Amino acid sequence: MEKALTASHWGTYFLSVENDRIKSVEPHAGDLDPSPIGQSFVDGIQHPCRVKKPAVRKSYLEHGPGAATDKRGAEPFVEIEWDQAYKLVATELDRVRQEFGNQSIFAGSYGWASAGRFHHAPSQIHRFMNCIGGYTKSVNTYSYAASEVILPHVVGSMSWLLNQHTSWPVLEKHCELMVMFGGAALKNGQINAGGVGRHSARDGLLACKRAGTKFVNFGPIRDDVDDSLEAVHYHPRPNTDVSIMLALAHMLYEQGLDDKEFLDRYCVGFEQFIPYLMGEIDGQPKDANWAANISGVSAKVISDLAIEMAAKRTMVTASWSLQRADHGEQTHWMLIVLAAMLGQIGLPGGGFGLGYAGVNGVGHQFRDFTWASLDQGVNNVADFIPVARISDLLLKPGQAFQYNGNNYTYPDTKVVYWAGGNPFHHHQDLNRLLKAWQKPDSIIVHEQTWNALSRHADIVLPATMTAERNDIVSAKRDEHVYALKQVVTPAGDAKNDYDIFGSIAEVMGEKARFTEGRSEMEWLQFLHARNRQRAASQDIEMPEFDKFWAQGEYILPEGPDLILLEAFRHSPEAHPLRTKSGKIEIFSERVASFELVSCPGHPVWLEPKEWLGAKLAQKFPLHLMSNQPATRLHSQFDHGQTSQKSKVSGREAITMHPRDAEDRGLSAGDVVKVYNDRGATLAGLIIGANVQVGVVQLPTGAWYDPLQPGVIGSLDKAGNPNVLTRDEGSSELGQGPVAHSTLVEIEKYTGKIPEVTVYTPPEILTLK
Ligand SMILES: Nc1nc2c(c(=O)[nH]1)N[C@H]1C(S)=C(S)[C@@H](COP(=O)(O)OP(=O)(O)OC[C@H]3O[C@@H](n4cnc5c(=O)[nH]c(N)nc54)[C@H](O)[C@@H]3O)O[C@H]1N2
Ligand SMILES: Nc1nc2c(c(=O)[nH]1)N[C@H]1C(S)=C(S)[C@@H](COP(=O)(O)OP(=O)(O)OC[C@H]3O[C@@H](n4cnc5c(=O)[nH]c(N)nc54)[C@H](O)[C@@H]3O)O[C@H]1N2
Ligand SMILES: [Mo]
């Protein structure tokens, strides 16, 4: 039995391989809190649902681009040979760029793909597209789009902030009180984009607990904070956090507990914010009674907490989920204003934090190091979309949209090309996406499995998985770098994205530009040499490639203690922020100058379109939390054992409070229909008091599996929450996704219970 190291977004493991088969998986001994998601490698890599050969939708193969696009998702596929596939793709890309221009190719291709610096599919596709003249791209992430746009106006870019978040050892020593909005869920801390060598979030939180930190959480789901932290839980209505933060701020100001020196020296715009806070404009002070009415959290809880926060070394945190909501821009902005009033920003253990344990890197103590990655080249096309505007792009060619204070136009899209992301996982309102998906002439994807994305494409090119190729895994905010060796033969005729793009580039006469003449191993040596060079500039000696490859891993020396905005606090003159004023902007003149009702010049409470206080809640009285799944990464390895074991009655589990279940006459294990005006899905019921009354939890990631394939509005059989979520921008500023602002109703499903069929391949014909 051969043992081989593998590394993923959820951790590092050893695979046991015998006769070209993966037999078992064990976590790397260096990781003391390994993720069970790794067990899905055992059956997930060599699973029957792998795409084995290039395949083309029947009508498309027969009649070419634009043929019967309303049948996407409903027709059988025909398998073809690789050479024919390369030609088909090259011819279509060439036709579109000649006739319509490169902006008609949408290749934003958002998504997490697999860990691995070289075989990172989005880097590969962007590099390829730049070699053939460019493409319409997407900007920002589904993770925190609203904050990515607002925070540069307020304090600095999201990535800059995340690269210096106060680390666990500092919190352990100094933090007396941690007030959390949306918790610090260890289910999420399993993940780190690009890889994770050592899971540190659980240890970090527990060390704080042992050292005496008190935890308070505002959120709809108790599991967002590990039981061992013995947190005090409050359950506001979802999406009302800003009202509570405002009331805390109101109490601080009223009691004279706001830190005037800090506000004066480090911030601008407090005086423009006060009239709103105190109700001088609208006659409504944003006090604890006001917030209690909106949020359902008692006024006394809020007032007492404000006083406690001012008296202690306090860290206020918000999960990223808070801004994946209607008016998501307001949440992190208001959190920062609250922290500024407490005056502890830049002090050890105080200030604010965004997304602790949301991924392992936030809170992790790491050395600042930029690992080498594949160059993507230069994109000659200026057109872009905010990432979550994909359906709008396809449905509204030529129409205008606003983004961050400017006006832009959606280009006319003829080709959609995806490699390393799954819009049928990540996008909201899948029925609207399905409609939009009928517009382009051609949809080309590289996929590993027959998931909802590949099923809805015209041309599907089978991509390899880790263990089927050689790679280097290293991640931002992690000190490990791993050598990943190919240990099994690729499934069927699957190829590396690099080789697929290389061959298409060859047909288009751009192979040399795309490959620079390097083989897979030569690229790995090239990237490693860059890492060595960068390390040397920090006086760190990394081993030569051959030694690294033989050892399998290398760990950078430990990083220093991190304290968010410490340098700025030390000297705002020497270390000004990159905001307009160089200071924290409680009021932003720039944002105010955009004159947006959906995002004014200082943080405000704005009612979401869908929340428990809306009129619509009479019809759809449950707030849907489609949060991140504990047993997989998004839709990846939903077919694997760790995810499959968590299914209830054959599909994704939805959790509901006992009282809500009783009101509807539901029992545990029932197959229920979850629905609203946008769609319906079937889920298996779990009844649990860890979810508050009026809220249901249906995690993301179950593969969309329509009862009637290709039919807009069809019932989904598998429990994908995105048939229910709303597809609208968080505001005209950020245009971020708003998945966490969704109302639904639930009833027992009384029809014949359909089997989930998405984990077996669709009908595939072979060419005669
Ligand atoms: N309702 C709701 N929706 C959400 C969210 C939510 O909270 N609620 N969260 C959002 C967030 S934060 C995010 S980041 C997105 C995530 O959305 P995505 O990143 O799009 O989701 P993944 O399932 O990780 O998709 C990765 C895809 O890449 C494929 N893949 C993996 N490796 C390779 C490779 O080497 N080559 C190729 N060609 N393909 C590969 C996988 O098979 C998979 O289909 O979802 C968003 N959607
Ligand atoms: N296991 C696993 N971990 C993951 C991922 C995964 O797919 N699987 N995805 C990763 C990615 S891409 C990202 S971006 C991060 C995302 O990290 P987050 O955005 O933090 O993840 P979520 O699980 O969507 O939300 C965390 C919790 O926020 C709470 N919440 C939602 N809305 C509200 C609200 O309005 N108010 C309050 N107070 N609480 C609310 C919910 O109870 C939810 O459980 O997770 C990462 N970690
Ligand atoms: Mo994300």
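Structure shown above.
Residues numbered from 1 in each chain as written. Chains lettered and ligands numbered in written order. Predicted model: local features only at pLDDT ≥ 70, side-chain atom pairs only at ≥ 80, totals over all residues. Heavy atoms only, no water.

## Notes on the site of ligand 2
Part 1: Around ligand 2, the structure places 32 residues, and the nearest of them are Lys-187, Asp-224, Asp-241, Arg-324 and Pro-629.
Part 2: Lys-187 is positioned such that a nitrogen or oxygen atom in its side chain is 2.7 Å from an oxygen atom of ligand 2.
Part 3: Asn-627 is positioned with one of its side-chain polar atoms (N or O) 2.9 Å from an oxygen atom of ligand 2.
Part 4: Alone, ligand 2 offers 910 Å² of accessible surface; in the complex the protein occludes 98% of this.
Part 5: Residues of the shell around ligand 2, tallied by class, amount to 14 nonpolar, 13 polar and five charged. (Near = heavy atom within 4 Å. Polar contact = N/O pair within 3.5 Å; in protein donor to acceptor, adjacent residues only side chain to side chain. Areas by Shrake-Rupley, 256 points an atom, 1.4 Å probe, with all protein chains shown as cover. Nonpolar A, V, L, I, M, F, W, Y, C, P; charged D, E, K, R; others polar.)

## A few points about the site of ligand 1
Part 1: As a matter of local geometry, ligand 1 sits amid 34 residues, with Ser-114, His-426, Glu-447, Ser-635 and Asn-722 nearest to it.
Part 2: A distance of 2.5 Å separates a nitrogen atom of ligand 1 from a polar atom in the side chain of Ser-114.
Part 3: The side chain of Glu-447 places a nitrogen or oxygen atom 2.5 Å from an oxygen atom of ligand 1.
Part 4: When isolated, ligand 1 has an accessible area of 920 Å², and the protein chains bury 98% of it.
Part 5: Class assignment for the residues of the shell around ligand 1 results in seven nonpolar, 23 polar and four charged.

## Section: the sheet that holds strand E22 (residues 553-555)
Part 1: With antiparallel pairing, three strands are arranged side by side in an open sheet as E20-E21-E22. At either margin of the open sheet sits one strand with a lone partner, and together these are strand E20 (471-474) and E22. Taken over all neighbouring pairs, the strand axes of this sheet differ in orientation by 10° on average, direction set aside.
Part 2: Where strand E21 (residues 480-484) meets E22, three bridges bridge the pair, whose relative direction is antiparallel. Opposite His-480, over in E22, you have Ile-555 as the bridge partner. (Pairing = 2+ DSSP bridges. Helix = DSSP H or I, 4+ residues; strand = E, 2+ residues; numbered from the N terminus. Axes fitted to C-alpha atoms, helices over the stretch in contact; angles between N-to-C directions.)

## Focus: the sheet that holds strand E6 (residues 105-106)
Part 1: Read across the sheet, seven strands follow the order E6-E17-E18-E19-E4-E5-E30 without closing on themselves; strand pairing throughout is mixed. Both edges of this open sheet fall to E6 and strand E30 (764-766), since each of them pairs with a single strand only.
Part 2: Relative to strand E17 (residues 415-419), E6 runs parallel, the two sharing two bridges. Bridge pairing in E17 links Ile-105 to Val-415.
Part 3: Contacts from helix H4 (residues 121-131) reach E6 and E17 within the one sheet, and its direction differs from that of E17 by about 140°.
Part 4: Together, E17, strand E18 (442-447) and strand E19 (459-462) form the strand contacts of helix H20 (residues 497-507), whose direction differs from that of E17 by roughly 145°. (Contact = heavy atoms within 4.5 Å.)

## With respect to the state of the cysteines
Part 1: Scanning the model with the defined rule gives zero disulfides in all.
Part 2: As a non-bridged cysteine, Cys-599 has Cys-267 as the owner of its nearest cysteine sulfur, 18 Å distant. (Disulfide = S-S within 2.5 Å.)

## Comments concerning the packing of helix H13 (residues 288-295) against helix H14 (residues 299-311)
Part 1: The geometry of H13 relative to H14 is characterised by a closest axis approach of 8 Å and an angle of 130° between their N-to-C directions. Classified by the angle between their axes, H13 and H14 sit oblique to one another. As for the relative orientation of H13 and H14, their crossing is right-handed in sense. Contact residues: H13 offers Ala-288, Asn-289, Ala-291 and Ala-292, while H14 offers Ala-299, Ile-302 and Ser-303. (Parallel < 35°, antiparallel > 145°, perpendicular 65-115°, else oblique. Left-handed = near helix turned anticlockwise from the far one by under 90°.)

## Details of the pattern of salt bridges
Part 1: Inspection of every chain in the model, using the stated rule, returns 48 salt bridges.
Part 2: Between Arg-530 and Asp-375 there is a salt bridge; the shortest N-O distance is 3.1 Å. Of this pair, Arg-530 sits in helix H22 (residues 520-537) while Asp-375 is found in the loop between strand E13 (351-354) and strand E14 (384-386), placing the two residues 155 residues apart along the sequence.
Part 3: Overall, Arg-530 belongs to the partly exposed group, its relative accessible area being 22%. (Salt bridge = Lys/Arg side-chain N within 4 Å of Asp/Glu carboxyl O. Buried < 20%, exposed > 50% of the residue type's maximum accessible area, 1.4 Å probe, protein only.)

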